[in-house]
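# Fold and geometry: a report
The residues making up each chain are set out below.
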Amino acid sequence: MSSETPFQINISDEKLSTLRTKLELATFPDELQDAGWKYGSPLVDVKRLTERWRNQYDWRKYEKDINEKLPMFTRDIDVDGFDTLNIHYVHKKSETVDAIPLLFCHGWPGSFWEVTKILPLLTASAPEHPSFHVVALSLPGYGFSEAPRKQGFGLNQYAEVAHKLMIALGYNEYVTQGGDWGCFIIRKMASVYGGRHHKAWHTNMPDQSTDLEIAPVFLVFLITSWSTKEKAGIERTKWFLTKGQGYFAQQSTQPQTLGYGLTDSPVGLLAWIYEKLVLCTDNYNWTDDEVLTWISLYWFSRAGPAASLRIYFELREDCEDMGRDPTIPMGTSYFPKELIILPAAWVRKSNNVVFESHHKSGGHFAATERPEELVQDLRKMFAKGSPAFAIVPGRSGYA
Amino acid sequence: MSETPFQINIPDKKLSILRAKLELATFPDELQDIGWKQGPPLADMKRLVERWKNGYDWRKYEKELNQELPMFTRDIDVDGFGALNVHYVHKKSKTVDAIPLLFCHGWPGSFLEVRVILPLLTAPSPEHPSFHVVALSLPGFGFSEGSHKPGFALDQYAEVIAHKLMIALGYNEYVTQGGDWGFLITRRMAAKYGGKHHKAWHTNFPMADPPNWKSPLSFLSYLVTPFSPEEKAGLERTAWYRNKSSGYFVEQSTFPQTLAYSFTDSPVALLAWFYEKLVIWTDDYKWTDDEALTWISIYWFSRAGPGAAHRIYFEVHGDFYNLGRTSYPTIPMGASYFPKELLLLPSAWLRRLNNVVSESHHTSGGHFAATERPKELVEDVRKMFAKGGPAFGIVPGRSGYA
């Protein structure tokens, strides 16, 4: 069982040249007239991105940048009933000694890289706001973490890995922040480890229900007067549940079928993920290099892109029965272009919500789109005078 | 706008691009003991890719197809879409008054599916009716041009076949056989052109609505009649399809273009997606590797490219159960039930809403009936149109007999 080892990304030249060779052979479909985004990622975008990826995009430059900005490590984590997994994570301590230990948990198609913009803000020391020691792991099967080799690696296992990592780092008590799968995982952590170890959780995707539970919302929608904001949220949710479920349906039933394509074709992978980066954000101005770095992290991931899909298959049943509601303090941030937006009253009903904020812009990838707002929300949640202040004893976040 | 004979002749350049891509193939890992649970097993995929790259001889199968299937193309003008060049098989029986029959494939099928049933359907005999057979490649599939504009939906597919192709071939009156999209398209044809031109239809993919409270007697009967073991098995198969095997459907009907990039750039992507269906949608059919590879090569080498065909799911959007549900056809219908089809509903539901004159229930076979159970399928079609059969002589002057 290896203890912590410093980690730097160093993709082999061979992998880089395989990528280039495949991109050189890239072949594209046609496109219907005036298709725009209606049918999926537009041809003009995919061609442009492919061309850049092949010729001008400089992976080594961004690899170096990540290595410089994010202090990274790996260590072995033993998972009950499964193998030992070598887990990759970012770990940065604040200069404030008693900073609050915070675990940032990504989802799909996210990664550890999403912590980049919020890391310096969360760790910054100031008398006006709390500071955090930040841990951002790569979930098993993502980034540079190993993937499980056996079936049945479910929500309990993801929660176990994240929890054990915090304990191994000396953070016996900690708080969490997560969206997408990150939200489901930290919610499970709240149920299993809440109180004793896991003291509070924050999410930018407050979602307590499966499709089945959301259906009544539409019925209620017909007879209750919702606010304009809530109506917009319901419309967005409807769009996602009726038009945005393709990837989910495929990944939760036949992930490997899709995985062959995403492993063999960088263009296929690019199109698949790029679609999400655009449709799930609120007019975020992705630069091509930002997109390509995001997707390269999947292309070059330790377990390969197919492994990242399996969470949908394994967690399908877990998510239908999420177990008892967590009781530890919860913080929620609502962004209008999130994918599932439930009326805040519903979330407050089943959770101990101590902090809530509603934003006028921003989407699914909050840490990328609205890093300052997200960090402000966390700072407020744990600020002096707030209900979650000093929830981690001895680590108030202040000097 | 007349008929041109057609031979498949894939350029060498395309063959060498395929080989180059296969040579670069990279594979994912696989969970222990996963079998078919999450997709085709890695061992199968590696074996098929290896064969496709080295050993599979496209030219041999191309030649066979050219020899077995008399093929043609012609321009068909579609209202609002311009002229599309449509590829089809057309084989006449030696029986002069054979019944004109249109065979309509679906996805991930193709004109190739007519291959084994073609000689059986056209065979002359005093014991059974014969058919003149037309099997087109739907626009966007096989060697037919695809639509370049959005909105090419059931009405357009129906128009191409019914109103234009069959008439152009001199078949003013005809019957049809279809499964998968072929069912929905021939159903739309029956609703629009039934009676005057489209005289009868047969399907191996019978879909029907359950009785609802609006028809109280049917609904009551539905509530109190216990399902037979066959029906129970069918409903379980249907539930399996909807819960475990419909992911492709949701993606293809919402973001077909996103998926198209994988299919067009990677033969491995295409192989995995299609091979999965060939295996789990059939009833233990023993695909040879070459058979599977030829099937999938038709998509890889298709005229519109492998990314075009599944746009049909988007264009004919909505819940699969709600598709094509304008009016119910009144022309005589034949239905064949194969136990490993994907949607298997109690046959009473079909009979309630359609003019079902002929029905067969098989104890084996799946979604690709023309490939898996060609003799049985042809028997079913012959039975429907035989002397003494319920649809005998439905096409005036073309009884199917000498």
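Residues numbered from 1 in each chain as written. Chains lettered and ligands numbered in written order. Predicted model: local features only at pLDDT ≥ 70, side-chain atom pairs only at ≥ 80, totals over all residues. Heavy atoms only, no water.

### A short note on the sheet that holds strand β1 (residues 4-6) of chain B
All names here are of chain B.
- Taken together, 9 strands build an open sheet; the order of strands is β1-β2-β3-β5-β4-β6-β7-β8-β9 and the sheet is mixed. For this open sheet the edge positions go to β1 and β9 (356-361), each flanked by a neighbour on one side alone. Averaged over all adjacent pairs, the angle separating strand axes in this sheet is 25°, with direction ignored.
- As paired strands, strand β4 (residues 99-104) and strand β6 (residues 174-178) are joined by 4 bridges and run parallel to one another. Pairing of Leu 101 across the sheet is with Val 175, part of β6. (Pairing = 2+ DSSP bridges. Helix = DSSP H or I, 4+ residues; strand = E, 2+ residues; numbered from the N terminus. Axes fitted to C-alpha atoms, helices over the stretch in contact; angles between N-to-C directions.)

### Concerning the interface of chain A and chain B
- The interface is formed by 56 residues belonging to chain A together with 54 residues belonging to chain B.
- Counting each side, the surface lost to burial between chain A and chain B is near 4,900 Å², with a carbon and sulfur contribution of 57%.
- If you sort the residues of chain A by the area they bury against chain B, A:Tyr39, A:Gln151 and A:Tyr260 come out on top, with a joint share of 17%.
- At the junction of chain A with chain B, the criterion picks out 2 salt bridges.
- Two residues, A:Asp30 and B:Arg311, come together in a salt bridge whose shortest N-O distance is 2.9 Å. (Contact = heavy atoms within 4.5 Å. Buried area = accessible area lost by both parts, 1.4 Å probe. Salt bridge = Lys/Arg side-chain N within 4 Å of Asp/Glu carboxyl O.)

### Thoughts on the sheet that holds strand β9 (residues 353-358) of chain A
Residue and element names in this part refer to chain A.
- One open sheet holds the 9 strands; their spatial order is β1-β2-β3-β5-β4-β6-β7-β8-β9, and the pairing between them is mixed. Two strands bound the open sheet, and with one partner strand each, they are β1 (5-7) and β9. Pairwise comparison of adjacent strand axes, ignoring direction, gives a mean angle of 25° for this sheet.
- Relative to strand β5 (residues 132-137), strand β3 (residues 84-92) runs antiparallel, the two sharing 4 bridges. Residue pairing for β5: Lys 92 is matched across the bridge by Val 134.

### Description of the pairing of strand β4 (residues 100-105) of chain A
Residues and elements named next belong to chain A.
- The element β4 is extensively covered by neighbouring structure, given that 6 of its 6 residues are classed as buried.
- Across the two faces of β4 the burial is the same, with Ile 100, Leu 102 and Phe 104 and Pro 101, Leu 103 and Cys 105 all buried.
- Taken together, the 5 bridges between β4 and β5 define a ladder with parallel strand orientation. Directly across from Leu 103, in β5, lies its bridge partner Val 135.
- Traced from β4 through helix α4 (residues 118-123) to β5, the parallel crossover comes out right-handed. (Buried < 20%, exposed > 50% of the residue type's maximum accessible area, 1.4 Å probe, protein only. Right-handed = clockwise from strand over helix to strand, strands pointing away.)

### Notes on the packing of helix α3 (residues 58-68) of chain B against helix α12 (residues 289-300) of chain B
Residues and elements named next belong to chain B.
- Relative to each other, α3 and α12 sit at 75°, their axes nearing to 11 Å. With respect to their mutual orientation, α3 and α12 come out roughly perpendicular. Between α3, through Trp 58, Tyr 61 and Leu 65, and α12, the contact on the second element is made entirely by Asp 290, Thr 294, Ser 297 and Ile 298.
- Of the residues contributing to the contact of α3 with α12, the split by class is 4 nonpolar, 2 polar and 1 charged. (Parallel < 35°, antiparallel > 145°, perpendicular 65-115°, else oblique. Nonpolar A, V, L, I, M, F, W, Y, C, P; charged D, E, K, R; others polar.)

### Things to note about the packing of aromatic side chains
- Applying the stated criterion across every chain yields a total of 53 aromatic pairs over all chains.
- One aromatic cluster is present, formed by B:Trp107, B:Phe141, B:Trp181, B:Tyr241, B:Tyr248, B:Phe249, B:Phe263, B:Trp273, B:Phe274, B:Trp281, B:Tyr299 and B:Tyr313 through successive ring pairs.
- The positively charged end of A:Lys384 is found above the aromatic ring belonging to A:Tyr398, 4.4 Å away from the centroid.
- Taking the ring centre of B:Tyr401 as reference, the NZ or CZ of B:Lys387 above it sits at 4.4 Å. (Phe/Tyr/Trp six-rings, centres within 6.5 Å; stacked < 30°, edge-to-face > 60°. Lys NZ or Arg CZ within 6 Å of the ring centre and 35° of its normal.)

### So, the nonpolar core
- Counting residues in hydrophobic clusters, the biggest one holds 244 residues, and the most contacted among them are A:Ile9, A:Leu137, A:Trp181, A:Phe382, B:Trp107, B:Leu136 and B:Ile185.
- Looking at this core, the element that brings in the most residues is helix α11 (residues 267-280) of chain B, giving 9 residues.
- Residues contacting B:Ile185, with those up to four places away along its chain left out, are B:Cys104, B:Leu138, B:Leu154, B:Tyr157, B:Ala158, B:Ile161 and B:Ile312. (Core = buried A, V, L, I, M, F, W, Y, C linked by side-chain atoms within 4.5 Å.)

### Concerning the side chain of A:Ser301
- Inspection of the secondary structure puts A:Ser301 in the loop between α12 (288-299) and α13 (305-314).
- In this structure the side chain of A:Ser301 is engaged in a polar contact, spanning 2.9 Å, whose partner is the backbone oxygen of A:Tyr298. (Polar contact = N/O pair within 3.5 Å; in protein donor to acceptor, adjacent residues only side chain to side chain.)

### A closer look at the pairing of strand β7 (residues 198-203) of chain B
Residue and element names in this part refer to chain B.
- By the criterion of burial, β7 is predominantly enclosed, with 6 of the 6 residues buried.
- Pairing between β6 and β7: 5 bridges, direction parallel. Along β7, the bridge assignment pairs Gln 177 with His 202.
- As judged from the 3 bridges shared by β7 and strand β8 (residues 333-337), these two strands associate in the parallel manner. Its bridge partner being in β8, His 202 is matched across the sheet by Gly 334.

### Here we look at helix α9 (residues 247-254) of chain B
- Most of α9(B) is tucked away: 7 of the 8 residues are buried.
- Among the residues of α9(B), those classed as buried are B:Gly247, B:Tyr248, B:Phe249, B:Glu251, B:Gln252, B:Ser253 and B:Thr254.

### Digging into unusual backbone geometry
- In the segment running from A:Trp108 into A:Pro109, the intervening peptide bond is cis, with an omega of 0°.
- Position of A:Pro109 among the secondary structure elements: in the loop between β4 and α4.
- Residue B:Pro108 is reached from B:Trp107 by a cis peptide bond, and omega for that bond is 0°.
- With respect to the helices, strands and loops of the structure, B:Pro108 is situated in the loop between β4 and α4 (117-122).
- Its identity is not glycine, yet A:Ala390 carries a phi of approximately 55°, on the positive side.
- Mapping A:Ala390 onto the fold places it in the segment after α16 (371-381).
- At B:Asp33, a residue that is not glycine, the phi angle is positive and equals roughly 55°.

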